[in-house]
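# Examining the three-dimensional arrangement
Each chain, letter by letter, is given below.
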Amino acid sequence: QLACPLDLGCHSVSRARMVKVYSRKPQNAEKAVRSSGANIRVHFKNTYETANAIRGMKLKQARGYLKDVMAHKQAVPFFRFTGGLSRHAQAKRWGTNVCRWPVNSCKALLTLIDNALANAKAKSLDESKLT
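Given the structure is predicted, the values throughout are model-derived calculations rather than measurements.

So, how was this worked out
- Residues numbered from 1 in each chain as written.
- Predicted model: local features only at pLDDT ≥ 70, side-chain atom pairs only at ≥ 80, totals over all residues.
- Heavy atoms only, no water.
- Core = buried A, V, L, I, M, F, W, Y, C linked by side-chain atoms within 4.5 Å.
- Buried < 20%, exposed > 50% of the residue type's maximum accessible area, 1.4 Å probe, protein only.
- Helix = DSSP H or I, 4+ residues; strand = E, 2+ residues; numbered from the N terminus.
- Contact = heavy atoms within 4.5 Å.
- Salt bridge = Lys/Arg side-chain N within 4 Å of Asp/Glu carboxyl O.

With that out of the way, let us pick up the nonpolar core. One finds I54, L59, Y65, L66, V76 and I113 to be the most contacted residues of the largest nonpolar core, which totals 20 residues. For this core, the secondary structure elements donating two or more residues are α1 (44–54), α2 (59–70) and α3 (103–122). Here this core takes 7 residues from α3, the largest share from any one element. Those residues in contact with L59, other than ones at most four positions away along the chain, are I113, A116, L117, L130 and T131.

Next comes the structure, spelled out in structure tokens:
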């Protein structure tokens with residue numbers, strides 16, 4: 001804590017510190033890799049839906065999917081934030097009719113995936129088994 005700037009002793013000011021916290025801890029830290037980003041200039045809603053689309057995929061498969069989205073070969077389905085979105089035929093694969101092609105979100109998630117793959121190489125883990 002910092003002292004009062006006037007040294008009157010009437011109050012103290014606390015200084016917040018940055019703490020790197022992940023959303024959850026892995027069960028086995030030796031077989032897991034983590035990756036995070038901060039101050040990434042992307043829209044939250046697009047990134048939320050894009051991350052949900054690649055959830056559960058292997059990292060190589062997720063990289064291919066994100067590259068296809070950037071090339072408009074596949075689309076990201078929108079399930080939660082669907083206000084004002086148009087319908088497209090590419091969303092049929094996911095059982096919906098609302099989708100988009102969020103390029104900036106895909107680029108940001110690709111950098112996170114590449115970072116996770118680099119962390120896996122540093123820990124000498126098998127990259128083909130990472131989800």
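So, about the pattern of salt bridges. One pass over the full model with this rule turns up 2 salt bridges. K60 serves as the salt-bridge partner of E127, at 3.8 Å between the closest nitrogen and oxygen. You can see E127 sitting in the segment after α3 and its partner K60 sitting in helix α2, a full 67 residues away along the chain. By relative accessible area, which is 48% here, K60 ends up partly exposed. Ionic pairing is found between R63 and D114, a salt bridge with its closest N-O pair at 2.8 Å. Residue R63 is located in helix α2, and its partner D114 is located in helix α3; the two are separated by 51 residues in the primary sequence. A relative accessible area of 34% places D114 in the partly exposed class.

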